[in-house]
Amino acid sequence: MIKKRQYINAWVNIVSILMFFLTFFTAYVVASLDISGAFVRAIFSMIISSLVARLLAFFWYSAFSPHEWRLLVKGPPDIPKRSSLAIDDRNGIIGQ
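Summary of the structure given here. (Residues numbered from 1 in each chain as written. Predicted model: local features only at pLDDT ≥ 70, side-chain atom pairs only at ≥ 80, totals over all residues. Heavy atoms only, no water.)

A few points about the side chain of Ser-49
The line we're drawing: Only DSSP runs of H or I covering at least 4 residues are called helices, and only runs of E covering at least 2 are called strands; the numbering of each starts at the N terminus. Note on contacts: a residue pair is in contact if any heavy atoms of the two residues lie within 4.5 Å.
By secondary structure assignment, the location of Ser-49 is in helix H2 (residues 35–62). In contact with Ser-49, other than residues within four places in its own chain, are Val-15, Ser-16 and Met-19.

Written as structure tokens, this is what we have:
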């Protein structure tokens, strides 16, 4: 089972890597910086976005109870409907 800390770490890593590539290519292509300057800006942007994403994840996690967190991540439980419980696969509808 995946723990909630793993979800948070995955989300933070995805956000920081996206910010790294966005900053790097924007600085290199649009701003016409040399590759080392664009790389330094991208590293700085990745560190800052990682910190901001961790803060957002902390506040988001603390805003919900563990039960609400489970519903958000895994969705509602799969409960069979009454109509499917009343149908027997071999004989059709139960009670006939």
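Focus on a nonpolar patch on the surface
For the record, the criterion: Residues forming no salt bridge and having over 30% relative accessible area are the ones grouped into patches, like charges within 9 Å of each other and nonpolar side chains (Val, Leu, Ile, Met, Phe, Trp, Tyr) within 5 Å. Here the accessible surface of atoms and residues is derived via Shrake-Rupley with a 1.4 Å probe, and residues count as covered only by protein chains that are part of the display. In the sections that follow, a salt bridge refers to a side-chain nitrogen of Lys or Arg positioned within 4 Å of a carboxyl oxygen of Asp or Glu. Burial classes: relative accessible area under 20% of the type maximum marks a residue as buried, over 50% as exposed, and values in between as partly exposed (1.4 Å probe, protein chains only).
The grouping of Trp-11, Phe-44, Ile-47, Ile-48, Leu-51, Val-52 and Leu-56 at the surface amounts to a nonpolar patch, some 700 Å² of accessible area in total. Among the elements that make up the nonpolar patch, the one with the highest residue count is H2 (6 residues). Residue classification places Ile-47 among the partly exposed positions, given a relative accessible area of 47%.

A word on the environment of Arg-54
Stated formally: The term polar contact refers here to a pair of N or O atoms within 3.5 Å; inside protein, the definition further demands a hydrogen-donor-capable atom paired with an acceptor-capable atom, and it admits residues adjacent in sequence only when both atoms are side-chain atoms.
Position of Arg-54 among the secondary structure elements: in helix H2. With 43 residues separating them along the chain, Arg-54 and Trp-11 place their C-alpha atoms 8.9 Å apart. Among all residues touching Arg-54, those that are not within four sequence positions of it are Asn-9 and Val-12. Reaching out from Arg-54, the side chain makes a polar contact with the side chain of Asn-9 at a distance of 3.1 Å.

Topic: the packing of aromatic side chains
Aromatic rings in a pair are described by how distant their centres are and how their planes are angled relative to each other. This is how it is decided: Two aromatic rings from Phe, Tyr or Trp, using only the six-membered ring of Trp, form a pair when their centres are within 6.5 Å; if the ring planes differ by under 30 degrees the pair is stacked, by over 60 it is edge-to-face, and anything between is tilted.
Here the structure, examined in full by the defined rule, presents 7 aromatic pairs. Their ring planes at 70° and their centres at 5.2 Å tell us that Phe-24 and Phe-25 sit as a pair that is edge-to-face. Phe-24 sits in the buried class, given a relative accessible area of 13%. Relative accessible area serves as the criterion here: at 45%, Phe-25 is assigned to the partly exposed category. Note on Phe-24 and Tyr-28: the rings are 6.0 Å apart at their centroids and 5° apart in plane angle, and the pair reads as stacked. A residue pair is termed a helical-turn pair when its members lie 3 or 4 positions apart in one helix, as Phe-24 and Tyr-28 do in helix H1 (residues 4–30) at 4 residues. In this structure Tyr-28 comes out as partly exposed when scored by relative accessible area, which is 39%.

Comments concerning the side chain of Ser-50
Inspection of the secondary structure puts Ser-50 in helix H2. What makes Ser-50 buried here is its relative accessible area of 19%. In contact with Ser-50, other than residues within four places in its own chain, are Val-12 and Ser-16.

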